[in-house]
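Results of the structural survey
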Amino acid sequence: MSRTLILAIVIAAIGAGGYYYLNQPEPTPAERLETAAEEAAEAVTDAASSVQDAASDAVDAATEQAAEAASSLTDQATEAASSVADQASDAAQEASDQVAALAGQGQELLNSWIQEGKLDPTNFDYDGIMTSLQDSTLATDLKDQAIKIVNDIKDSPETIVQKIQELTNLLTQQ
């Protein structure tokens, strides 16, 4: 019975972590990286805590056979926790790669505007920049911020130098 209890606790902990992870709203790449790191730490802590509690209860309440079962489950839980940590690490790496790819996309977009003469203090091609922004694969929040800056330039041409710097910072730093 204690073997079943321990197994149920471990499965519940892993299931709860999986359910929580799968039901998150679609985060930005930076949030994904942060969330993945936090979830990895929480999953490892929860799994370790669950394993320690289950193993302690089994040793106190069971016979030699139950103690052997707890040891076996501890090994399995450790493997499961390691697997969760590996998955979280992979997710964090993927999020980091996505952030880097998005930063590269922003830089490429900015470079194309400069090379094509669309973004220059003496020549500002509002329509061309807006079209390329809307057709880009930039993250929605980043795209919205860039569109706002471009609209600010159109509405207040005297701020073009300042707004070009804001746009450059936005698209290259992310």
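That block above? That's the structure.
Nothing here was measured: the structure is a model prediction, and the numbers come from that model.

Calculation criteria
Residues numbered from 1 in each chain as written. Predicted model: local features only at pLDDT ≥ 70, side-chain atom pairs only at ≥ 80, totals over all residues. Heavy atoms only, no water. Phe/Tyr/Trp six-rings, centres within 6.5 Å; stacked < 30°, edge-to-face > 60°. Buried < 20%, exposed > 50% of the residue type's maximum accessible area, 1.4 Å probe, protein only. Lys NZ or Arg CZ within 6 Å of the ring centre and 35° of its normal. Core = buried A, V, L, I, M, F, W, Y, C linked by side-chain atoms within 4.5 Å. Helix = DSSP H or I, 4+ residues; strand = E, 2+ residues; numbered from the N terminus. Contact = heavy atoms within 4.5 Å. Expected span 1.5 Å × (residues − 1). Arc of directions from axis to C-beta. Salt bridge = Lys/Arg side-chain N within 4 Å of Asp/Glu carboxyl O. Axes fitted to C-alpha atoms, helices over the stretch in contact; angles between N-to-C directions. Parallel < 35°, antiparallel > 145°, perpendicular 65-115°, else oblique. Nonpolar A, V, L, I, M, F, W, Y, C, P; charged D, E, K, R; others polar.

1. Digging into the packing of aromatic side chains
Under the criterion given, the structure shown has 1 aromatic pair. Relative to Tyr126, the ring of Phe124 lies with its centre 6.4 Å away and its plane at 55 degrees, an arrangement referred to as tilted. Residue Phe124 is classed as partly exposed on the basis of its relative accessible area, which comes to 23%. When the ring centre of Tyr126 is taken as reference, the NZ or CZ atom of Lys154 above it lies at 4.3 Å.

2. Here's the deal with the nonpolar core
Within the largest apolar cluster, 21 residues are counted, with the highest numbers of intra-cluster contacts made by Trp113, Leu119, Leu133, Val150, Leu167 and Leu171. If you tally residues by element for this core, the top one is helix H5 (residues 140-155), at 6 residues. For Val150, the residues in contact, after removing those within four places along its chain, are Phe124, Tyr126, Ile129, Met130, Leu133 and Leu167. The next biggest cluster of nonpolar side chains, apart from the first, holds 6 residues, and it includes Val51, Ala54, Ala58 and Leu73.

3. Some words on helix H6 (residues 160-173)
Its 14 residues place the ends of H6 19 Å apart at the C-alpha level, agreeing with the 20 Å of an ideal helix rising 1.5 Å per residue. Of the residues making up H6, those classed as buried are Ile160, Lys163, Ile164, Leu167, Leu170 and Leu171. Along H6, the residues classed as buried sweep out an arc of 125 degrees about the axis, all on the same side. Along H6, exposed side chains directed more than 90 degrees from the buried face belong to Val161 and Gln173.

4. Digging into the pattern of salt bridges
Opposite charge on two side chains lets them pair, provided their charged atoms get close. Scanning the model with the defined rule gives 4 salt bridges in all. A salt bridge links Lys163 to Asp152, with the shortest nitrogen-to-oxygen separation between them at 3.4 Å. Taken as a pair, Lys163 in helix H6 and Asp152 in helix H5 lie far apart in primary sequence, 11 residues in all. For Lys163, a relative accessible area of 14% translates into the label buried. Because the salt bridges share partners, they merge into one network encompassing Lys148, Asp152, Lys163 and Glu166.

5. Considering the side chain of Ser50
Its location among the elements puts Ser50 in helix H2 (residues 29-61). Discounting chain neighbours no more than four positions away, the residues touching Ser50 are Ile9 and Ala13.

6. Section: the packing of helix H4 (residues 126-135) against H5
For the pair H4 and H5, interaxial distance at closest approach is 10 Å and the crossing angle is 175 degrees. By the angle between their axes, H4 is roughly antiparallel relative to H5. Here Tyr126, Ile129, Met130, Leu133 and Gln134 of H4 come into contact with H5, specifically with Lys143, Ala146, Ile147, Val150, Asn151 and Lys154. Residue composition of the contact of H4 with H5, by class: 7 nonpolar, 2 polar and 2 charged.

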